[in-house]
Amino acid sequence: MADLKELLRSLARNAVRLDIGTGEGPIVGRFGGMPDVPEGFEWPWFETDTYLDGEVKPRPLAFLAQFDCAALAPLDRDSLLPREGVLSFFYEAVSQRWGFDPKDGGCARVYWFPDKAVLRPAAFPEDLEEYCRFPSLSIRGRAANEFPGYEEFAALPDLLVPCRGKGQNPWKVFEELRASLPAYEEAPPPWHRLLGWPGIVQSCMAQDCALVSRGYYTGCGCRDIPEGVLKETERAFLDEWRLLLQLDSGVSVGGFSLEFGDSGSIYFYIRKEDLAARRFDRVWLVLQCC
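Residues numbered from 1 in each chain as written. Predicted model: local features only at pLDDT ≥ 70, side-chain atom pairs only at ≥ 80, totals over all residues. Heavy atoms only, no water.

Section: the packing of aromatic side chains
As a reminder, the rule being used: Two rings from Phe, Tyr or Trp (for Trp, the six-membered ring) form a pair when their centres sit within 6.5 Å of each other. Planes less than 30 degrees apart are called stacked, planes more than 60 degrees apart edge-to-face, and all others tilted. Per the convention used, a helix needs a DSSP run of H or I reaching at least four residues, while a strand needs a run of E reaching at least two, with both numbered from the N terminus. Both a distance and an angle decide whether a charge sits over a ring: NZ of Lys or CZ of Arg must be within 6 Å of the ring centre and within 35 degrees of the ring normal.
Summed over the entire model, instances satisfying the criterion amount to 20 aromatic pairs. Summarising the aromatic geometry, the rings of Phe31 and Phe134 are spaced 5.7 Å apart at their centres and angled 10° between planes, so their arrangement reads as stacked. Of this pair, Phe31 sits in strand 2 (residues 27-31) while Phe134 sits in the loop between strand 9 (120-121) and strand 10 (137-146), and the two are 103 residues apart along the sequence. The interplanar angle of 20° and the centroid separation of 5.8 Å between the aromatic rings of Trp98 and Phe100 together place this pair among those described as stacked. Taken together through their ring pairs, the aromatic side chains of Phe41, Trp43, Phe63, Phe90, Tyr111, Phe113 and Phe124 make up a single cluster. Over the face of the ring belonging to Trp197 we find Arg13, whose NZ or CZ atom lies 3.7 Å from the ring centre.

The following block contains the structure:
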């Protein structure tokens, strides 16, 4: 048990927990409204059908949020994000792709604009549905220390051996162990955050990102994926992919309420080396819900 506790301790990550439209802490960005972009910016589109119609056609992505990197810098204790400019997130919010399919690439986009001074508000495309033109709300941030959850460790069952005693509930043992760490800070929902560890609805997503990026479909589980590939990607949550942004359902103001699936969450993931190289064009989105 001591070894598992030490492993957990070594996996601590800084997160910037976010409050949208309310909360405490400095303003670090904005949800909704019109995005600030440089001259010549081309609005992102994604070709898909939707739950509302079966027509496959290009559809404009909805603008979700933008972050002032300079305002984030004091909260980004691991210095992972750019220290200047604006980081902007888009998602095709009508089809709400899940990220199980390699064909979902492009349903979400992230842009880093290094020079904030040249940015100006962009007009929405005419084809963008009215309900995808989200109201403008301030985003406040605060730094927090986070550890991986049970779902990540369940992806590597051997790590949970110390929790599996006779008559014990492994999840309960793990949660008690995690809560005993001095720097652990429990996060109640909603779990909006940049960086850190995800608040998971279903299961560990990093391996899915690793598999889909290799061309495998994961919507039916892993039954058709070669055992060697599964073995190669099972440590993805430790070695390869990490959370960039999580947004939960429940953002609401007036008559507006944002929902991802059935009260779910969306997660922007990125490889560690791509984050370091500022290759935000290589993010992968996953949607999970109940």
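Now that the structure has been shown, the text picks up again.
With respect to the sheet that holds strand 16 (residues 265-271)
Basically, it comes down to this: In this scheme, strands are said to pair when DSSP sees at least two bridges between them. Every axis corresponds to a line fitted to the C-alpha atoms, with the helix fit spanning only the stretch in contact, and the corresponding angles, defined between N-to-C directions, vary from 0 to 180 degrees.
What the ten strands build is an open sheet, ordered 8-7-6-2-10-1-11-13-16-17; its pairing is antiparallel. Here the strands that pair on one side only, and so sit at the sheet edges, are strand 8 (108-113) and strand 17 (284-288). Across this sheet, the average inter-strand angle for adjacent strands is 25°, counted without regard to direction. Two elements, strand 2 and strand 6 (residues 62-68), share three bridges in a ladder whose sense is antiparallel. Residue Arg30 lies in a different strand from strand 6, and its bridge partner there is Gln66.

Regarding unusual backbone geometry
Heads up, the rule is: Throughout this description, buried means an accessible area under 20% of the type-specific maximum (1.4 Å probe, protein chains only), exposed means over 50%, and partly exposed covers the range between.
Put simply, Pro189 and Pro190 share a cis peptide bond, and its omega is 0°. In this model, Ser79 sits at a positive phi of 55°, which is unusual for a non-glycine residue. If you trace the backbone, Ser79 turns up in the loop between helix 2 (69-72) and strand 7 (86-91). For Ser79, a relative accessible area of 45% gives the class partly exposed.

Some thoughts on the side chain of Arg193
For clarity, the cut-off: Side-chain atoms alone can form a polar contact between residues adjacent in sequence; in general such a contact is a pair of N or O atoms within 3.5 Å, and within protein one must be able to donate a hydrogen while the other accepts it.
Counting through the fold element by element, Arg193 comes out in strand 11 (residues 193-195). Of the polar contacts made by the side chain of Arg193, one reaches the backbone oxygen of Trp197; its length is 3.1 Å.

Some points on the nonpolar core
Operational definition: Nine residue types can take part in a nonpolar core, namely buried Ala, Val, Leu, Ile, Met, Phe, Trp, Tyr and Cys, and a core is a set of them joined through side-chain atoms within 4.5 Å.
Ranked by size, the top nonpolar core spans 58 residues in total, and within it Phe67, Phe89, Leu244 and Phe268 carry the most contacts. Among the nonpolar cores identified, the runner-up in size contains 31 residues, and Phe153, Phe174, Cys209 and Tyr269 belong to it.

Quick word on the pairing of strand 4 (residues 45-48)
Only one face of strand 4 is covered, namely the one carrying Phe46 and Thr48; the face carrying Trp45 and Glu47 has none of its residues buried. Where strand 4 lies against strand 5 (residues 57-60), four bridges are found, and the strand directions are antiparallel. Across the sheet, the residue bridging to Phe46 is Arg59, located in strand 5.

Description of the pattern of salt bridges
Definition in use: One speaks of a salt bridge when a side-chain nitrogen belonging to Lys or Arg is within 4 Å of a carboxyl oxygen belonging to Asp or Glu.
By the definition in use, this model includes 18 salt bridges. Of the charged contacts in the structure, one is a salt bridge between Lys116 and Asp68, with a shortest N-O distance of 2.6 Å. Of this pair, Lys116 sits in the loop between strand 8 and strand 9 while Asp68 is found in strand 6, placing the two residues 48 residues apart along the sequence. A relative accessible area of 47% places Lys116 in the partly exposed class.

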